[in-house]
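If you want the building blocks of each chain, they are given just below.
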Amino acid sequence: MSTHTRDERRAVAPPRPRPWAAASTVTALVVLAVALILLLHRGGDVRATSFSDARCDAASEWRAAHPDGSDLHVVSTEIRFRDGPGDFVVAEGIVVAPLAMTLGGVQDVLDVRATPPPSRVMHVDGNVVVAWEYAGRIHREMRYSAYALVRTPRDENVALPEAPSFASLEREALLDATANAREAGGHDLGRCKALERWARETAGAPPHTEQLLRIVRRAAAGIRDTEEKQSRAHDTCASIRDGAFSAHRAFVVAVMAARQVGIPAYGFISASGRYYVATFVDGVGWATLDLTADVAGFTRPPAGLVTRTPVIAEFDAVYDDFWGPHAAAYREQMGSVRPMSWTKWVTSTSDARDTDSTITSSIPLAEACR
(Lines give C-alpha, C1' and ligand atoms only; values in the text may rest on other atoms or scores of the structure.)
Protein backbone atom coordinates (compact mmCIF):
# COMPACT_ATOMS: atom_id res chain seq x y z
CA MET A 1 0.00 0.00 0.00
CA SER A 2 1.12 3.59 -0.57
CA THR A 3 2.70 5.27 2.42
CA HIS A 4 0.96 8.59 1.65
CA THR A 5 -2.68 9.64 1.75
CA ARG A 6 -3.95 11.79 -1.10
CA ASP A 7 -3.60 14.96 1.03
CA GLU A 8 -0.06 13.96 2.00
CA ARG A 9 0.80 13.31 -1.65
CA ARG A 10 -0.31 16.83 -2.50
CA ALA A 11 1.76 18.21 0.36
CA VAL A 12 4.97 16.47 -0.72
CA ALA A 13 4.31 17.01 -4.42
CA PRO A 14 2.53 20.31 -5.10
CA PRO A 15 0.74 20.55 -8.43
CA ARG A 16 3.33 20.46 -11.18
CA PRO A 17 3.04 21.90 -14.66
CA ARG A 18 2.06 19.09 -16.98
CA PRO A 19 5.03 19.04 -19.42
CA TRP A 20 4.82 18.02 -23.05
CA ALA A 21 7.96 16.71 -24.75
CA ALA A 22 10.02 18.29 -21.95
CA ALA A 23 9.03 21.80 -23.04
CA SER A 24 9.10 24.19 -20.10
CA THR A 25 6.24 26.63 -20.66
CA VAL A 26 5.26 25.83 -24.25
CA THR A 27 2.10 23.74 -24.29
CA ALA A 28 1.45 20.79 -26.54
CA LEU A 29 -1.25 22.71 -28.31
CA VAL A 30 1.02 25.59 -29.32
CA VAL A 31 3.85 23.31 -30.43
CA LEU A 32 1.52 21.14 -32.47
CA ALA A 33 -0.17 24.15 -34.04
CA VAL A 34 3.19 25.61 -35.07
CA ALA A 35 4.35 22.27 -36.43
CA LEU A 36 1.09 21.98 -38.34
CA ILE A 37 1.51 25.38 -39.98
CA LEU A 38 5.05 24.52 -41.04
CA LEU A 39 3.93 21.20 -42.45
CA LEU A 40 1.07 22.67 -44.43
CA HIS A 41 3.43 25.07 -46.17
CA ARG A 42 6.00 22.41 -46.90
CA GLY A 43 3.91 19.99 -48.93
CA GLY A 44 5.21 16.64 -50.12
CA ASP A 45 4.24 13.27 -51.45
CA VAL A 46 3.45 10.43 -49.06
CA ARG A 47 2.01 7.88 -51.43
CA ALA A 48 2.90 4.20 -51.16
CA THR A 49 6.63 3.64 -50.68
CA SER A 50 8.82 0.54 -50.39
CA PHE A 51 8.52 0.31 -46.64
CA SER A 52 9.93 -3.20 -46.42
CA ASP A 53 13.17 -2.02 -48.07
CA ALA A 54 13.49 0.89 -45.65
CA ARG A 55 12.91 -1.34 -42.65
CA CYS A 56 15.42 -3.91 -43.88
CA ASP A 57 18.03 -1.23 -44.52
CA ALA A 58 17.57 -0.03 -40.92
CA ALA A 59 17.78 -3.59 -39.55
CA SER A 60 20.99 -4.21 -41.50
CA GLU A 61 22.61 -1.08 -40.10
CA TRP A 62 21.48 -1.91 -36.58
CA ARG A 63 22.91 -5.44 -36.78
CA ALA A 64 26.23 -4.04 -37.94
CA ALA A 65 26.28 -1.60 -35.04
CA HIS A 66 25.16 -4.20 -32.46
CA PRO A 67 26.71 -7.58 -33.39
CA ASP A 68 25.78 -9.01 -29.99
CA GLY A 69 22.14 -7.95 -30.12
CA SER A 70 20.35 -10.85 -28.47
CA ASP A 71 18.37 -8.42 -26.29
CA LEU A 72 17.38 -6.14 -29.20
CA HIS A 73 14.05 -6.03 -31.05
CA VAL A 74 12.59 -4.01 -33.89
CA VAL A 75 9.17 -2.51 -33.14
CA SER A 76 7.25 -1.34 -36.21
CA THR A 77 4.16 0.75 -36.83
CA GLU A 78 2.63 1.00 -40.30
CA ILE A 79 -0.21 3.42 -41.05
CA ARG A 80 -2.41 3.40 -44.11
CA PHE A 81 -5.09 5.85 -45.17
CA ARG A 82 -7.02 4.41 -48.12
CA ASP A 83 -7.90 6.45 -51.19
CA GLY A 84 -11.62 5.69 -51.01
CA PRO A 85 -14.53 6.99 -48.92
CA GLY A 86 -14.86 6.16 -45.26
CA ASP A 87 -12.73 7.62 -42.51
CA PHE A 88 -10.54 9.37 -45.06
CA VAL A 89 -10.80 13.17 -44.85
CA VAL A 90 -9.81 15.48 -47.69
CA ALA A 91 -7.78 18.05 -45.77
CA GLU A 92 -4.28 18.88 -44.62
CA GLY A 93 -2.81 18.20 -41.21
CA ILE A 94 -0.42 15.95 -39.34
CA VAL A 95 -0.37 12.21 -38.73
CA VAL A 96 0.70 11.24 -35.21
CA ALA A 97 1.45 7.68 -34.08
CA PRO A 98 2.90 6.09 -30.93
CA LEU A 99 5.85 3.87 -31.81
CA ALA A 100 7.50 2.49 -28.67
CA MET A 101 7.77 3.13 -24.94
CA THR A 102 10.63 3.53 -22.52
CA LEU A 103 10.87 2.73 -18.82
CA GLY A 104 13.98 1.90 -16.82
CA GLY A 105 14.47 -1.85 -16.51
CA VAL A 106 11.66 -2.55 -18.98
CA GLN A 107 12.54 -1.19 -22.41
CA ASP A 108 14.96 1.36 -23.88
CA VAL A 109 14.55 2.95 -27.32
CA LEU A 110 17.96 3.14 -29.00
CA ASP A 111 17.08 4.50 -32.44
CA VAL A 112 14.08 5.56 -34.54
CA ARG A 113 13.68 5.52 -38.33
CA ALA A 114 10.66 6.39 -40.44
CA THR A 115 9.46 6.41 -44.04
CA PRO A 116 8.80 9.02 -45.28
CA PRO A 117 11.20 10.98 -43.05
CA PRO A 118 9.25 12.20 -40.01
CA SER A 119 8.51 15.81 -39.31
CA ARG A 120 9.11 15.27 -35.60
CA VAL A 121 9.97 12.55 -33.10
CA MET A 122 8.56 13.39 -29.68
CA HIS A 123 8.82 11.96 -26.18
CA VAL A 124 5.73 12.07 -23.98
CA ASP A 125 6.08 10.52 -20.51
CA GLY A 126 8.18 7.68 -21.87
CA ASN A 127 6.16 7.23 -25.06
CA VAL A 128 8.04 7.82 -28.32
CA VAL A 129 5.70 9.46 -30.85
CA VAL A 130 6.31 10.07 -34.57
CA ALA A 131 4.63 12.77 -36.67
CA TRP A 132 4.35 13.32 -40.44
CA GLU A 133 2.34 15.59 -42.70
CA TYR A 134 -1.11 14.48 -43.85
CA ALA A 135 -1.29 16.02 -47.31
CA GLY A 136 -4.79 14.85 -48.13
CA ARG A 137 -5.80 17.45 -50.70
CA ILE A 138 -7.38 14.73 -52.85
CA HIS A 139 -8.39 11.13 -52.32
CA ARG A 140 -5.21 9.13 -52.66
CA GLU A 141 -3.65 6.38 -50.60
CA MET A 142 -1.17 7.60 -48.02
CA ARG A 143 1.18 5.31 -46.11
CA TYR A 144 3.60 5.91 -43.28
CA SER A 145 5.94 3.57 -41.45
CA ALA A 146 8.19 3.92 -38.40
CA TYR A 147 10.62 1.49 -36.76
CA ALA A 148 12.31 1.60 -33.38
CA LEU A 149 15.31 -0.38 -32.19
CA VAL A 150 14.58 -1.30 -28.57
CA ARG A 151 16.51 -3.09 -25.87
CA THR A 152 14.67 -5.36 -23.47
CA PRO A 153 16.36 -7.20 -20.59
CA ARG A 154 16.78 -10.88 -21.34
CA ASP A 155 13.87 -13.03 -20.20
CA GLU A 156 14.16 -14.29 -16.67
CA ASN A 157 11.69 -15.94 -14.36
CA VAL A 158 10.16 -13.66 -11.76
CA ALA A 159 10.79 -14.91 -8.24
CA LEU A 160 8.80 -12.72 -5.86
CA PRO A 161 10.25 -12.21 -2.37
CA GLU A 162 8.39 -13.56 0.63
CA ALA A 163 7.35 -10.05 1.65
CA PRO A 164 6.97 -8.02 -1.57
CA SER A 165 7.22 -4.24 -1.27
CA PHE A 166 8.05 -1.19 -3.37
CA ALA A 167 10.02 0.82 -0.81
CA SER A 168 13.01 1.24 -3.14
CA LEU A 169 10.98 2.96 -5.89
CA GLU A 170 12.21 6.54 -6.08
CA ARG A 171 9.86 9.18 -4.73
CA GLU A 172 9.18 10.93 -8.04
CA ALA A 173 8.64 7.62 -9.82
CA LEU A 174 6.30 6.50 -7.04
CA LEU A 175 4.20 9.66 -7.32
CA ASP A 176 3.88 9.23 -11.09
CA ALA A 177 3.05 5.52 -10.82
CA THR A 178 0.36 5.99 -8.15
CA ALA A 179 -1.43 9.06 -9.56
CA ASN A 180 -5.06 7.98 -9.36
CA ALA A 181 -8.01 8.68 -11.65
CA ARG A 182 -8.62 12.15 -10.18
CA GLU A 183 -4.97 13.10 -10.59
CA ALA A 184 -4.15 11.43 -13.90
CA GLY A 185 -7.57 11.90 -15.50
CA GLY A 186 -8.98 9.91 -18.41
CA HIS A 187 -12.07 7.83 -19.04
CA ASP A 188 -14.13 10.02 -16.69
CA LEU A 189 -13.12 7.80 -13.77
CA GLY A 190 -12.15 10.68 -11.49
CA ARG A 191 -15.74 10.99 -10.29
CA CYS A 192 -16.60 7.30 -10.49
CA LYS A 193 -17.52 6.10 -7.01
CA ALA A 194 -18.00 2.61 -8.39
CA LEU A 195 -14.26 2.46 -9.12
CA GLU A 196 -13.39 3.30 -5.51
CA ARG A 197 -15.71 0.60 -4.14
CA TRP A 198 -14.67 -1.96 -6.75
CA ALA A 199 -10.98 -1.37 -6.09
CA ARG A 200 -11.23 -1.65 -2.30
CA GLU A 201 -13.45 -4.72 -2.37
CA THR A 202 -11.35 -6.50 -4.97
CA ALA A 203 -7.85 -5.68 -3.73
CA GLY A 204 -8.23 -7.12 -0.25
CA ALA A 205 -5.25 -7.31 2.09
CA PRO A 206 -1.60 -6.65 1.16
CA PRO A 207 0.98 -7.46 -0.13
CA HIS A 208 0.45 -5.32 -3.19
CA THR A 209 1.36 -8.14 -5.56
CA GLU A 210 -1.54 -10.25 -4.28
CA GLN A 211 -3.84 -7.24 -4.41
CA LEU A 212 -2.95 -6.61 -8.04
CA LEU A 213 -3.38 -10.26 -8.91
CA ARG A 214 -6.94 -10.19 -7.50
CA ILE A 215 -7.74 -6.98 -9.38
CA VAL A 216 -6.47 -8.25 -12.73
CA ARG A 217 -8.17 -11.62 -12.39
CA ARG A 218 -11.52 -10.03 -11.60
CA ALA A 219 -11.23 -7.56 -14.48
CA ALA A 220 -10.23 -10.34 -16.88
CA ALA A 221 -13.14 -12.51 -15.73
CA GLY A 222 -15.54 -9.73 -16.78
CA ILE A 223 -14.32 -9.48 -20.37
CA ARG A 224 -17.13 -9.95 -22.89
CA ASP A 225 -16.45 -10.04 -26.62
CA THR A 226 -19.61 -8.08 -27.48
CA GLU A 227 -19.34 -5.38 -24.80
CA GLU A 228 -17.84 -2.71 -27.07
CA LYS A 229 -20.93 -2.85 -29.30
CA GLN A 230 -23.36 -2.09 -26.48
CA SER A 231 -24.65 1.41 -25.86
CA ARG A 232 -22.89 1.58 -22.48
CA ALA A 233 -19.56 0.38 -23.88
CA HIS A 234 -17.94 3.81 -23.76
CA ASP A 235 -19.03 4.49 -20.17
CA THR A 236 -16.26 2.87 -18.14
CA CYS A 237 -17.97 3.60 -14.83
CA ALA A 238 -21.12 1.87 -16.07
CA SER A 239 -19.01 -1.08 -17.18
CA ILE A 240 -17.65 -1.36 -13.63
CA ARG A 241 -21.19 -1.37 -12.21
CA ASP A 242 -22.26 -3.97 -14.77
CA GLY A 243 -19.17 -6.10 -14.24
CA ALA A 244 -18.77 -6.51 -18.02
CA PHE A 245 -15.84 -5.13 -20.02
CA SER A 246 -14.19 -5.19 -23.38
CA ALA A 247 -10.52 -6.15 -23.11
CA HIS A 248 -9.69 -2.47 -23.52
CA ARG A 249 -12.00 -1.38 -20.68
CA ALA A 250 -10.81 -4.18 -18.41
CA PHE A 251 -7.26 -2.97 -19.01
CA VAL A 252 -8.13 0.60 -18.01
CA VAL A 253 -10.05 -0.51 -14.93
CA ALA A 254 -7.32 -2.89 -13.71
CA VAL A 255 -4.58 -0.24 -13.92
CA MET A 256 -6.64 2.56 -12.37
CA ALA A 257 -8.12 0.33 -9.64
CA ALA A 258 -4.59 -0.64 -8.60
CA ARG A 259 -3.63 3.02 -8.34
CA GLN A 260 -6.83 3.75 -6.44
CA VAL A 261 -5.59 1.62 -3.54
CA GLY A 262 -2.03 2.92 -3.68
CA ILE A 263 -0.34 0.25 -5.81
CA PRO A 264 2.28 1.61 -8.28
CA ALA A 265 0.97 0.45 -11.63
CA TYR A 266 1.27 1.03 -15.37
CA GLY A 267 -0.46 -0.40 -18.37
CA PHE A 268 1.72 -1.69 -21.22
CA ILE A 269 0.42 -2.47 -24.73
CA SER A 270 2.51 -4.82 -26.83
CA ALA A 271 2.92 -4.72 -30.59
CA SER A 272 1.35 -8.18 -30.70
CA GLY A 273 -1.92 -6.75 -29.32
CA ARG A 274 -1.75 -7.88 -25.70
CA TYR A 275 -2.49 -5.86 -22.58
CA TYR A 276 -0.16 -6.02 -19.56
CA VAL A 277 -0.62 -4.58 -16.08
CA ALA A 278 2.70 -3.90 -14.35
CA THR A 279 3.79 -3.13 -10.80
CA PHE A 280 7.12 -2.52 -9.13
CA VAL A 281 8.62 -5.05 -6.70
CA ASP A 282 11.78 -4.47 -4.67
CA GLY A 283 14.58 -6.73 -5.89
CA VAL A 284 12.66 -7.59 -9.07
CA GLY A 285 11.81 -4.33 -10.79
CA TRP A 286 8.72 -4.03 -12.94
CA ALA A 287 6.77 -7.28 -13.25
CA THR A 288 3.68 -7.81 -15.39
CA LEU A 289 0.41 -9.69 -15.51
CA ASP A 290 -1.01 -10.53 -18.94
CA LEU A 291 -4.65 -9.45 -18.79
CA THR A 292 -5.71 -11.51 -21.78
CA ALA A 293 -3.98 -14.73 -20.74
CA ASP A 294 -4.84 -17.00 -17.83
CA VAL A 295 -3.37 -14.47 -15.37
CA ALA A 296 -1.42 -17.30 -13.76
CA GLY A 297 1.27 -15.10 -12.24
CA PHE A 298 3.87 -12.42 -12.74
CA THR A 299 6.32 -12.44 -15.64
CA ARG A 300 9.00 -10.13 -16.95
CA PRO A 301 7.67 -7.40 -19.27
CA PRO A 302 7.71 -8.74 -22.82
CA ALA A 303 9.70 -7.33 -25.71
CA GLY A 304 8.07 -5.04 -28.24
CA LEU A 305 6.02 -2.65 -26.09
CA VAL A 306 4.34 0.23 -27.92
CA THR A 307 2.77 2.40 -25.19
CA ARG A 308 2.65 2.82 -21.44
CA THR A 309 -0.13 4.59 -19.64
CA PRO A 310 -1.54 6.59 -17.93
CA VAL A 311 0.53 9.68 -18.62
CA ILE A 312 0.87 12.83 -16.56
CA ALA A 313 1.84 15.11 -19.45
CA GLU A 314 -0.86 16.76 -21.52
CA PHE A 315 -0.71 15.79 -25.18
CA ASP A 316 -3.63 16.57 -27.45
CA ALA A 317 -2.71 14.62 -30.58
CA VAL A 318 -3.05 11.10 -29.24
CA TYR A 319 -5.72 8.44 -29.24
CA ASP A 320 -7.27 7.91 -25.80
CA ASP A 321 -4.25 9.14 -23.81
CA PHE A 322 -2.04 6.24 -25.02
CA TRP A 323 -4.52 3.57 -23.85
CA GLY A 324 -4.34 2.47 -27.49
CA PRO A 325 -1.57 2.72 -30.14
CA HIS A 326 -3.86 3.96 -32.92
CA ALA A 327 -2.50 6.56 -35.32
CA ALA A 328 -4.70 9.43 -36.43
CA ALA A 329 -4.53 12.60 -38.49
CA TYR A 330 -5.06 15.96 -36.79
CA ARG A 331 -5.59 19.51 -37.96
CA GLU A 332 -5.51 22.93 -36.39
CA GLN A 333 -9.01 24.31 -35.99
CA MET A 334 -9.84 27.60 -34.27
CA GLY A 335 -6.76 27.53 -32.09
CA SER A 336 -6.84 23.86 -31.10
CA VAL A 337 -5.62 20.56 -32.48
CA ARG A 338 -8.46 18.20 -33.38
CA PRO A 339 -8.60 14.69 -34.90
CA MET A 340 -9.97 14.44 -38.40
CA SER A 341 -9.09 11.00 -39.79
CA TRP A 342 -8.86 7.87 -37.62
CA THR A 343 -7.35 4.43 -38.09
CA LYS A 344 -8.19 1.02 -36.69
CA TRP A 345 -5.43 -0.73 -34.71
CA VAL A 346 -4.69 -4.25 -35.94
CA THR A 347 -1.77 -6.66 -35.66
CA SER A 348 -2.29 -8.52 -38.94
CA THR A 349 -2.19 -7.26 -42.51
CA SER A 350 -5.25 -9.38 -43.34
CA ASP A 351 -7.30 -7.41 -40.79
CA ALA A 352 -6.40 -4.12 -42.45
CA ARG A 353 -7.70 -4.72 -45.97
CA ASP A 354 -10.90 -2.71 -45.79
CA THR A 355 -10.11 0.03 -43.31
CA ASP A 356 -7.71 2.85 -42.58
CA SER A 357 -5.32 1.05 -40.27
CA THR A 358 -2.41 1.07 -37.84
CA ILE A 359 -0.51 -2.22 -37.89
CA THR A 360 1.96 -2.89 -35.07
CA SER A 361 4.53 -5.68 -34.98
CA SER A 362 7.77 -6.69 -33.25
CA ILE A 363 10.58 -9.08 -34.15
CA PRO A 364 14.04 -9.85 -32.69
CA LEU A 365 16.71 -7.85 -34.49
CA ALA A 366 18.56 -11.07 -35.36
CA GLU A 367 15.51 -12.30 -37.30
CA ALA A 368 14.47 -9.05 -39.01
CA CYS A 369 14.55 -9.31 -42.83
CA ARG A 370 16.25 -12.68 -42.80
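So, here's what we can say about the structure. (Residues numbered from 1 in each chain as written. Predicted model: local features only at pLDDT ≥ 70, side-chain atom pairs only at ≥ 80, totals over all residues. Heavy atoms only, no water.)

**So, the pattern of salt bridges**
Next up, step 1: With the rule as written, the count across this model stands at eight salt bridges.
Next up, step 2: One salt bridge connects arginine 55 with glutamate 78, and the closest N-O pair in it is separated by 2.6 Å. Placement of arginine 55 in helix α3 (residues 51-65) and of glutamate 78 in strand β1 (residues 72-81) is noted, with a sequence separation of 23 residues between them.
Next up, step 3: Relative accessible area serves as the criterion here: at 22%, arginine 55 is assigned to the partly exposed category. (Salt bridge = Lys/Arg side-chain N within 4 Å of Asp/Glu carboxyl O. Helix = DSSP H or I, 4+ residues; strand = E, 2+ residues; numbered from the N terminus. Buried < 20%, exposed > 50% of the residue type's maximum accessible area, 1.4 Å probe, protein only.)

**A closer look at the packing of helix α6 (residues 193-203) against helix α7 (residues 208-221)**
The axes of two packed helices give the description: the angle between them and the distance between them.
Next up, step 1: The geometry of α6 relative to α7 is characterised by a closest axis approach of 8 Å and an angle of 120° between their N-to-C directions. In terms of their interaxial angle, α6 and α7 are classed as oblique. Once α6 is placed against α7, the crossing between them reads as right-handed. Mapping the contact onto sequence places Trp198, Glu201, Thr202 and Ala203 in α6 and Gln211, Arg214, Ile215, Arg218 and Ala219 in α7.
Next up, step 2: Classifying every residue of the contact of α6 with α7 by side-chain character gives four nonpolar, two polar and three charged. (Axes fitted to C-alpha atoms, helices over the stretch in contact; angles between N-to-C directions. Parallel < 35°, antiparallel > 145°, perpendicular 65-115°, else oblique. Left-handed = near helix turned anticlockwise from the far one by under 90°. Contact = heavy atoms within 4.5 Å. Nonpolar A, V, L, I, M, F, W, Y, C, P; charged D, E, K, R; others polar.)

**A closer look at α6**
It helps to recall that an α-helix has 3.6 residues per turn; residues three or four apart then point in one direction.
Next up, step 1: Looking only at α6, the buried set comprises Ala194, Leu195, Glu196, Trp198, Ala199, Thr202 and Ala203.
Next up, step 2: Those residues of α6 that are buried are in contact with α5 (181-184), α7, α8 (236-242) and α9 (247-260).
Next up, step 3: Two residues or fewer after α6 comes glycine 204, characterised by a positive phi angle close to 70°.

**What about the state of the cysteines?**
Next up, step 1: Evaluated as defined, the whole model comprises two disulfides.
Next up, step 2: A sulfur-sulfur separation of 2.1 Å characterises the disulfide bridge that pairs cysteine 192 with cysteine 237. In this structure, the disulfide formed by cysteine 192 and cysteine 237 twists by about 85° around the S-S bond and is classed as right-handed. Here cysteine 192 is found in the loop between α5 and α6, whereas its partner cysteine 237 is found in helix α8, with 45 residues between them in sequence. We note that cysteine 192, like cysteine 237, is buried.
Next up, step 3: Listing the disulfide partners of the protein by sequence rank of the bonded cysteines yields 1-4, 2-3. (Disulfide = S-S within 2.5 Å.)

**With respect to the sheet that holds strand β6 (residues 142-151)**
Consider a sheet: its strands pair through backbone hydrogen bonds, and that pairing is either parallel or antiparallel.
Next up, step 1: If you walk across this open sheet you meet the five strands as β3-β6-β1-β14-β13, and the pairing is mixed. One side of each edge strand has no neighbouring strand; the edge strands of this open sheet are β3 (108-115) and β13 (344-346). On average, adjacent strands in this sheet sit at an angle of 20° to one another, irrespective of strand direction.
Next up, step 2: Judged from the three bridges that link them, β13 and strand β14 (residues 357-364) form a sheet pairing that is parallel. Within β14, the residue paired with tryptophan 345 across the bridge is threonine 358. (Pairing = 2+ DSSP bridges.)

**Some remarks on the packing of α6 against α9**
Next up, step 1: Where α6 contacts α9, the two axes come as close as 9 Å, and the packing angle between them is 75°. The angle between α6 and α9 places the two elements in the roughly perpendicular class. Every residue of α9 that contacts α6 at Leu195, Glu196, Trp198 and Ala199 is listed here: Val253, Met256, Ala257 and Gln260.
Next up, step 2: A class-by-class count of the residues in the contact of α6 with α9 yields six nonpolar, one polar and one charged.

**Some points on the nonpolar core**
Next up, step 1: If you look at the biggest cluster of nonpolar residues, it comprises 42 residues, and the most contacted ones within it are Ile215 and Ile240.
Next up, step 2: A per-element tally of this core places α9 first, with nine residues.
Next up, step 3: For isoleucine 215, the contacting residues outside a window of four places in its chain are Trp198, Thr202, Ala203, Ala254, Ala257, Ala258, Val261 and Ile263.
Next up, step 4: Among the nonpolar cores identified, the runner-up in size contains 22 residues, and Ile79, Phe81, Ala97 and Tyr144 belong to it. (Core = buried A, V, L, I, M, F, W, Y, C linked by side-chain atoms within 4.5 Å.)

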